[in-house]
Amino acid sequence: MQEAATDYRQLWSEIGVDIELHDQLLASLDRVFTHTHLWQADRPASMSLFDKAFHDSHSGRVAEIASYRANGGKSIGTFCIYVPDEIALAAGVLPMPLCGGSGWSVDHADRMFPRDICPLIRSTFGMAFSGTCPYKKLKEFAVGETTCDAKKKAWDLLGFPSLEVPQKKNQVDRDLWLSEVERFRREMEKLSGRAITAEALAASIRLVNDKRRLLQRINSLRMLDEPPISGLDALLVSQAALNMDVAAFNAAAGTLAAELEARASKGIGAYRDPGPRVLFAGSPSPMGFAKTHYVVESSGLRIVADESCTGMRYFRDLVDEGASTLEDMISAIADRYFSIDCACFSPNRERMENVGRLAGEYRVRGVVHSILQYCHGYDIEAKALDRALAGMPSLKIVADYGEQDEEQIRVRVEAFREVLAGRAV
Ligand code: SF4
Ligand code: SF4
């Protein structure tokens, strides 16, 4: 990122970035990335494409979006995987995920938000308030959603429109959600001045499904006895999937999948130490935050499955490609997004079933609940998940984005590793 800084200073100035503070942010992101990712030995060569995506997130990707807008394109900011990208893309609107993963910006949120809300929200708005979010001026507006209380109240405070995500999964809730997806379609059409056609929507459904299929292909290799990709690198790929241009991501993911399949066929695994296999569950880990994955894997556990929104929840389900009319496609999109099993739902039986199935398919010995501090939905739901996984050992790690507690967490992870090491799969 530091290397890129010189080239992008003019662009950053033009879009109102505070260059001095932004340099501090980039230095912090660089240092954290080196610390959490680059200690791994013999990473797949194609991971360099995703390392680049990480470094491009404040430079090359910003330039791409600025250029798109300079040519008349529109873009919106999003904060959640409930916002249907397919619809925005079909209208020619670029959706940009804005969830912050940097610990550097967390304290900059103090000017508007209380300290006892989750670091994801504080990091996101800390970047905006400190003038270090390069996407702040590269969007027409941001679309929130009514998932957790902290988000709902943040949108009110900041005046963002939001999609109403129901909290239950009855027919009445599905009907409400469909009407919200239809409203989102009208908003995107209004923004771009372009009516969404069935052809355009079918193409964007295929494009985004292709992305999710590639992520499924990469992640299915983690079921092997010797997974060819680490949990840390799989996380980076998922984070890049949210940030990169979709076609560019699909090209990079195809290259990585082919390399991983070749490694797997030769028995080349990602880990020197075949420690116990665990499933990672809980809050998302936005780009810039990989502390929990890092401590868990550098303590000798292997994260072979990640059910979070920066893991399988993002790519587990596809939109049905069988519809031919626009209305049926919108309905298929509503169904796909309604199947997301966020902890904001009550009850959330689908998540219990999905995690139970993953635990079996990926042959894990234990679960690591990774909870962002003050993320009450996932924190409280960890108990229900433990009940659903009767008998499977688990470790709950509640953490913010700071690095000061890494060694304390490591002590607990090492003790957990000992427990798991003594158990059969
Ligand atoms: S955890 Fe819930 S609110 Fe957060 S991104 Fe995922 S679906 Fe959205
Ligand atoms: S991590 Fe949890 S508390 Fe934070 S925005 Fe997402 S759902 Fe809300």
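Residues numbered from 1 in each chain as written. Chains lettered and ligands numbered in written order. Predicted model: local features only at pLDDT ≥ 70, side-chain atom pairs only at ≥ 80, totals over all residues. Heavy atoms only, no water.

Novice: For this particular structure, what's the right way to read the site of ligand 2?
Specialist: As a matter of local geometry, ligand 2 sits amid Cys118, Ile121, Cys148, Lys151, Pro284, Leu372 and Cys375. When the residues that make up the shell around ligand 2 are grouped by side-chain class, the tally is 6 nonpolar, no polar and 1 charged. (Near = heavy atom within 4 Å. Nonpolar A, V, L, I, M, F, W, Y, C, P; charged D, E, K, R; others polar.)

Novice: What exactly am I supposed to notice about the packing of helix α9 (residues 198–220) against helix α10 (residues 231–243) here?
Specialist: Helix-helix packing is described using two parameters, namely the angle between the two axes and the distance between the axes. Remark: α9 packs on α10, axes separated minimally by 11 Å, with the N-to-C direction vectors making an angle of 180 degrees. It follows from the interaxial angle that α9 and α10 lie roughly antiparallel. Residue-level inspection shows Lys211, Leu215, Ile218 and Asn219 of α9 in contact with α10, the latter providing Ala234, Val237, Ser238 and Ala241. Here the residues of the contact of α9 with α10 sort into 5 nonpolar, 2 polar and 1 charged. (Axes fitted to C-alpha atoms, helices over the stretch in contact; angles between N-to-C directions. Helix = DSSP H or I, 4+ residues; strand = E, 2+ residues; numbered from the N terminus. Parallel < 35°, antiparallel > 145°, perpendicular 65-115°, else oblique. Contact = heavy atoms within 4.5 Å.)

Novice: Explain the pattern of salt bridges here, please?
Specialist: A side chain with one charge can pair with a side chain of the opposite charge if their charged atoms come near. Under the definition given, this model contains 37 salt bridges. For the salt bridge of Asp23 with Arg9, the shortest nitrogen-to-oxygen distance reads 3.0 Å. A residue pair is termed long-range when its members are at least 10 positions apart, and Asp23 in helix α2 (residues 19–37) and Arg9 in helix α1 (residues 2–14) qualify at 14 residues. What makes Arg9 partly exposed here is its relative accessible area of 32%. With a shortest N-O distance of 2.9 Å, Asp210 and Arg213 are connected by a salt bridge. With Asp210 and Arg213 both in helix α9 and 3 residues apart, this pair spans about one turn of that helix. (Salt bridge = Lys/Arg side-chain N within 4 Å of Asp/Glu carboxyl O. Buried < 20%, exposed > 50% of the residue type's maximum accessible area, 1.4 Å probe, protein only.)

Novice: How do you make sense of the site of ligand 1 when you look at a structure like this?
Specialist: Lining the immediate surroundings of ligand 1 are Cys80, Ile81, Tyr82, Thr147, Lys151, Pro284, Cys309, Cys342 and Tyr378. Along the lines of polarity and charge, the residues of the shell around ligand 1 split into 7 nonpolar, 1 polar and 1 charged.

Novice: Explain the pairing of strand β5 (residues 277–282) to me, please; I cannot follow it from the model alone.
Specialist: Among the 6 residues in β5, 6 count as buried, and that is most of the element. Pairing geometry for β5 and strand β6 (residues 302–306), over 4 bridges, is parallel. The partner of Phe280 across the bridge, within β6, is Asp306. As judged from the 5 bridges shared by β5 and strand β7 (residues 366–372), these two strands associate in the parallel manner. Bridge pairing links Leu279 to Val367 in β7. (Pairing = 2+ DSSP bridges.)

Novice: Would you explain the packing of aromatic side chains in this entry?
Specialist: Two descriptors summarise a pair of aromatic rings, namely the distance from one centre to the other and the angle between the planes of the rings. Taken as a whole and judged by the stated rule, the model has 17 aromatic pairs. Centroid distance Tyr82 to Trp177: 5.9 Å. Interplanar angle 80 degrees. Geometry classified as edge-to-face. With Tyr82 in the loop between β1 (74–78) and α5 (85–90) and Trp177 in helix α8 (residues 171–192), this residue pair connects regions lying 95 residues apart in the sequence. One exposure class covers both Tyr82 and Trp177, and it is buried. Residues Phe125 and Trp155 carry aromatic rings whose centres are separated by 6.2 Å and whose planes lie at 65 degrees to one another, so their mutual orientation is edge-to-face. Of this pair, Phe125 sits in helix α6 (residues 119–129) while Trp155 is found in helix α7 (residues 149–158), placing the two residues 30 residues apart along the sequence. A single burial state applies to Phe125 and to Trp155, both of which are buried. By way of ring pairs, the aromatic residues Phe79, Phe113, Phe125, Phe129, Trp155 and Phe160 are connected into one cluster. Cation over ring: Lys169 sits above Phe338, and NZ or CZ is 5.7 Å from the ring centre. (Phe/Tyr/Trp six-rings, centres within 6.5 Å; stacked < 30°, edge-to-face > 60°. Lys NZ or Arg CZ within 6 Å of the ring centre and 35° of its normal.)

Novice: What should I look at first to understand the sheet that holds strand β8 (residues 394–399) in this one?
Specialist: What holds strands together in a sheet is hydrogen bonding between their backbones, with the strands either parallel or antiparallel. Here we have 4 strands laid out as an open sheet, ordered β6-β5-β7-β8, and parallel in their pairing. Sheet topology places β6 and β8 at the edges, where each strand pairs with a single neighbour. For this sheet, the mean inter-axis angle between neighbouring strands, taken without regard to orientation, is 30 degrees. Pairing between β7 and β8: 6 bridges, direction parallel. When the sheet's bridge partners are listed, Ile371 is paired in β8 with Val398. Strand contacts of helix α16 (residues 376–388): β5, β7 and β8, with the helix running at about 165 degrees to β7, the strand carrying the most contacts.

Novice: How do you make sense of the environment of Thr36 when you look at a structure like this?
Specialist: Here Thr36 shows up in helix α2. For the pair Thr36 and Ala290, spaced 254 residues apart in the sequence, the C-alpha separation amounts to 6.6 Å. Apart from the residues lying within four places of it in its own chain, the contact partners of Thr36 are Leu232, Ala290 and Tyr294. Within the structure, the side chain of Thr36 is placed 3.0 Å from the side chain of His37, a separation counted as a polar contact. (Polar contact = N/O pair within 3.5 Å; in protein donor to acceptor, adjacent residues only side chain to side chain.)

Novice: Is there a simple way to think about unusual backbone geometry in this case?
Specialist: Residues apart from glycine generally show negative phi values, whereas peptide bonds are mostly found in trans. Cis peptide bonds are those with omega within 30 degrees of zero, and the linkage from Ser346 to Pro347 qualifies with -5 degrees. In this structure, Pro347 sits in the loop between α14 (326–338) and α15 (349–361). In this model, Tyr374 sits at a positive phi of 70 degrees, which is unusual for a non-glycine residue. Relative accessible area serves as the criterion here: at 35%, Tyr374 is assigned to the partly exposed category.

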